[in-house]
Amino acid sequence: MRLRRSGPKGPAAAARTGRLALAALGAGAMLAACGGSSSGGAPAAALPGANTGAAAGAAPAPPSPSSTLSLAAQVGQKMFFDKNLSGSGAMSCASCHDPAHAHAPANGLSVQLGGPHMDRAGLRAVPSLRYKDVTPPYADLLDNPDGVSVPGPGGGLAWDGRADTLAAQARIPLLDPLEMANASSADVVKKLQAADYAPLIAKAFGAKAFDDSDAAFANALQALQAYQLEDKSFHPYSSKFDLYAGNKIGGALTPAEARGLKVFTNPDTGNCASCHYQGAGLGGSSALFTDFSYEAIGVPRNAGIPANNNVQYFDMGVCGPMRTDHAPAAPNAANGFCGMFKAPTLRNVATRTAFFHNGVMHSLEQVIRFYNTRDTQPELWYPTVGGTPKAKNDPGFPAYGLVTTQYTGGKVQKYDDLPAAYASNIDTQLPMDGRAAGSAPPMSEQDMADLVCFLHTLSDADTQPAAPAKPGACAN
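Residues numbered from 1 in each chain as written. Predicted model: local features only at pLDDT ≥ 70, side-chain atom pairs only at ≥ 80, totals over all residues. Heavy atoms only, no water.

Visitor: Looking at this structure, how should I read the nonpolar core?
Guide: Across soluble globular proteins, you tend to see nonpolar side chains buried next to one another. Counting 49 residues, the largest nonpolar core has Phe264 and Leu455 as its most contacted members. Looking at this core, the elements that each hand over two or more residues are helix H7 (240–245), helix H8 (255–265), helix H9 (364–373) and helix H10 (445–456). It is H10 that provides the largest number of residues to this core, a total of 5 residues. Excluding its chain neighbours within four sequence positions, the residues that come into contact with Phe264 are Asn271, Cys272, Ala273, His276, Gln278, Phe289, Leu346, Leu451, Phe454 and Leu455. Of all hydrophobic cores here, the second largest spans 38 residues; its members include Val189, Tyr197, Leu200 and Ala223. (Core = buried A, V, L, I, M, F, W, Y, C linked by side-chain atoms within 4.5 Å. Buried < 20%, exposed > 50% of the residue type's maximum accessible area, 1.4 Å probe, protein only. Helix = DSSP H or I, 4+ residues; strand = E, 2+ residues; numbered from the N terminus. Contact = heavy atoms within 4.5 Å.)

Below, the structure is given as structure tokens:
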């Protein structure tokens, strides 16, 4: 095992500056509604995305209430699928957190549409709601579950950790003008009082459940939390990896998947485990594939998000603008939290079609190639300023990046979605270790192919891969 120590300076100097990158896992057991936006934004035209699939408001039909759920959780289940709880009457929690898609969007849009008329673009990609039940509250110095790395920013829900509980997180989309767009908590309560399941609410919370509007709204948030905590569909642990970890039938990894696991844990190649920790975790958890930490990795700006049309606007994660308690003292003032976003669980990552906090990438392979070549070929990911576009790309110019035009001359505008004042916050752990442009990347083509194969083993049994592997690709 090897301990790597690097990371940002300033107030977040301890921000996961060291993480245990496991040499191998070994045999055996070794983000309620859209919730990714905030006030502001603009009417949406065509949003960037791949495999757009179902419309944002096309929520699935709710399942029958489970007798195993508490009364509060049964209320939460009803609420989760109730489109009438939105200002538009067309969006429910399940519209963005579809159970058939690992409680994530059923389409590949970078950000989802919401608002009173379902035409307002959000500011961030919608995370999955699965495996959030043991997420600790946010702390600037959270103990790392690996038991070795120094404490740093970690925990909390949403991309910036500003909600400490599932109940607190549920409040955000219900009232966000870009999402469910209710004018106030009292408006939500009025809709609940008119719902056909209002008698169930009274049964769960008492005959006077609606007498105090603030208390009724708080109970509603608790109901949504109870549903997510109690319903096993939010944490099924039904993947092939779970069978492997439990030494059960069906869990034998293919040679390609086993090699991919080694890439995942190898500190000199993929080093994924340094943030997406897969060992025994906090609160009795295990194999969550996240250490709940926050990193600044310089994800490219997504020009398709309407808010980014304002060149002065930057989404900088923990330091704002949606989160306000860690904001810089003044514009561009030193702040080690700027640019830091949560390292999400990688469970069901192969089912996704929008990646990172801004949904700028749309395939798992593209994400892995970004990690591998952000530093060695930055021209594939960031705009070139002052250069001349070639009439025809050279034969060897890769087509997998965000930039598909080759330039002569000019300067690559690296980290284009983070003010230059915060470039020193960028994490420097492998595979993004700041190595020189043009040098060899840390992962080979075989490494990346094997890593994709392993990540497919993290998909729950009720899901489908976004891009199925070619027959035999992950066998040998």
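Visitor: It is not clear to me how the state of the cysteines should be interpreted in this structure. Could you clarify?
Guide: Disulfide: a covalent bond formed between the sulfur atoms of two cysteine residues. Evaluated as defined, the whole model comprises 2 disulfides. Here Cys319 connects covalently by a disulfide to Cys338, the sulfurs 2.2 Å from one another. Since a negative S-S torsion denotes a left-handed disulfide, the Cys319-Cys338 link at about 110° is right-handed. Of the two residues, Cys319 sits in the loop between strand E7 (294–295) and strand E8 (341–342) while Cys338 sits in the loop between E7 and E8, which places them 19 residues apart along the sequence. Across the pair, Cys338 and Cys319 agree in class, each one buried. Across a sulfur-sulfur distance of 2.0 Å, Cys453 and Cys474 are joined as a disulfide pair. Looking down the S-S bond of the Cys453 and Cys474 bridge, the torsion is -85°, so its handedness is left-handed. (Disulfide = S-S within 2.5 Å.)

Visitor: Help me understand the packing of aromatic side chains, please; the structure alone is not making it clear to me.
Guide: Remark: the centre distance and the inter-plane angle together describe each pair of aromatic rings, the angle taken between the planes. Scanning all chains against the criterion turns up 18 aromatic pairs. For the ring pair Phe264 and Phe289, a centre distance of 5.7 Å and an interplane angle of 70° mean the geometry is edge-to-face. You can see Phe264 sitting in helix H8 and its partner Phe289 sitting in the loop between H8 and E7, a full 25 residues away along the chain. Relative to Trp381, the ring of Phe370 lies with its centre 5.4 Å away and its plane at 75°, an arrangement referred to as edge-to-face. Of this pair, Phe370 sits in helix H9 while Trp381 sits in the loop between H9 and strand E9 (384–385), and the two are 11 residues apart along the sequence. Neither residue differs from the other here; Phe370 and Trp381 are each classed as buried. Counting every residue linked through ring pairs, the aromatic cluster contains Phe241, Tyr244, Phe264, Phe289 and Phe454. Cation over ring: Arg323 sits above Tyr138, and NZ or CZ is 4.0 Å from the ring centre. (Phe/Tyr/Trp six-rings, centres within 6.5 Å; stacked < 30°, edge-to-face > 60°. Lys NZ or Arg CZ within 6 Å of the ring centre and 35° of its normal.)

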